[in-house]
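# Survey of secondary and tertiary structure
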Amino acid sequence: MAKVTVDGEDLFYVFRPAQGSEDSLVFVHGAGGTHRHWGAQLQGLREANRYALDLPGHGRSRGSGRTSIRGYAGVILRFMDSLELSRATMVGHSMGGAIALYLALE
């Protein structure tokens, strides 16, 4: 696993590169979940670069869980900024789906 610091908190994530592709997928787990919910997708969707993170306060990422979808969406945007990802397709499960929808609407 790799890590990046966002808002003073270390966020751990898994990165699976795709050969010759600039497309990226960011997988966002639900409340109480971790990057481990995305094992099959990380292995199977090889046409794009794949990122699956542990949100703050989840899995190996320390810090405080956020109290709103908007708060988590901000973390995702700053995560992408720190990795210099200007675009990505969001893939979410449960609360992660709400975060992905919020990002799409904003």
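Presented here is an overview of the structure given in this document. (Residues numbered from 1 in each chain as written. Predicted model: local features only at pLDDT ≥ 70, side-chain atom pairs only at ≥ 80, totals over all residues. Heavy atoms only, no water.)

Each helix and strand counted, the chain has three helices and five strands in total. Written out in order from the N terminus, the α and β elements of the chain read β-β-β-α-β-α-β-α. Computed over its C-alpha atoms, the radius of gyration of the chain comes to 12 Å, within 12% of the 13 Å expected for a compact globule of 106 residues. Projecting the C-alpha coordinates of the chain onto the three principal axes gives extents of approximately 35 × 30 × 25 Å. Relative to its 106 residues, the chain shows a buried fraction of 43%. Here the chain displays about 6000 Å² of accessible surface, and carbon together with sulfur accounts for 47% of that area. In the chain, the 11 positive side-chain charges and the 10 negative ones have mean positions that sit 7 Å from each other. (Helix = DSSP H or I, 4+ residues; strand = E, 2+ residues; numbered from the N terminus. Rg over C-alpha atoms; globule rule 2.2 N^0.38 Å. Buried < 20%, exposed > 50% of the residue type's maximum accessible area, 1.4 Å probe, protein only. Areas by Shrake-Rupley, 256 points an atom, 1.4 Å probe, with all protein chains shown as cover. Lys, Arg positive; Asp, Glu negative; His and termini not counted. Charge placed at Lys NZ, Arg CZ, Asp CG, Glu CD.)

Here Arg46 is to be found in the loop between helix 1 (39-44) and strand 4 (49-53). The spacing of Arg46 and Arg16 is 30 residues in sequence and 8.2 Å in space, taken between C-alpha atoms. A distance of 2.8 Å separates a polar side-chain atom of Arg46 from the backbone oxygen of Gln43. (Polar contact = N/O pair within 3.5 Å; in protein donor to acceptor, adjacent residues only side chain to side chain.)

Let's shift gears to the environment of Ala98. Note on placement: Ala98 falls in helix 3 (residues 95-105). In the structure, Ala98 is positioned 72 residues away from Val26 in sequence and 14 Å away in space, judged by C-alpha atoms.

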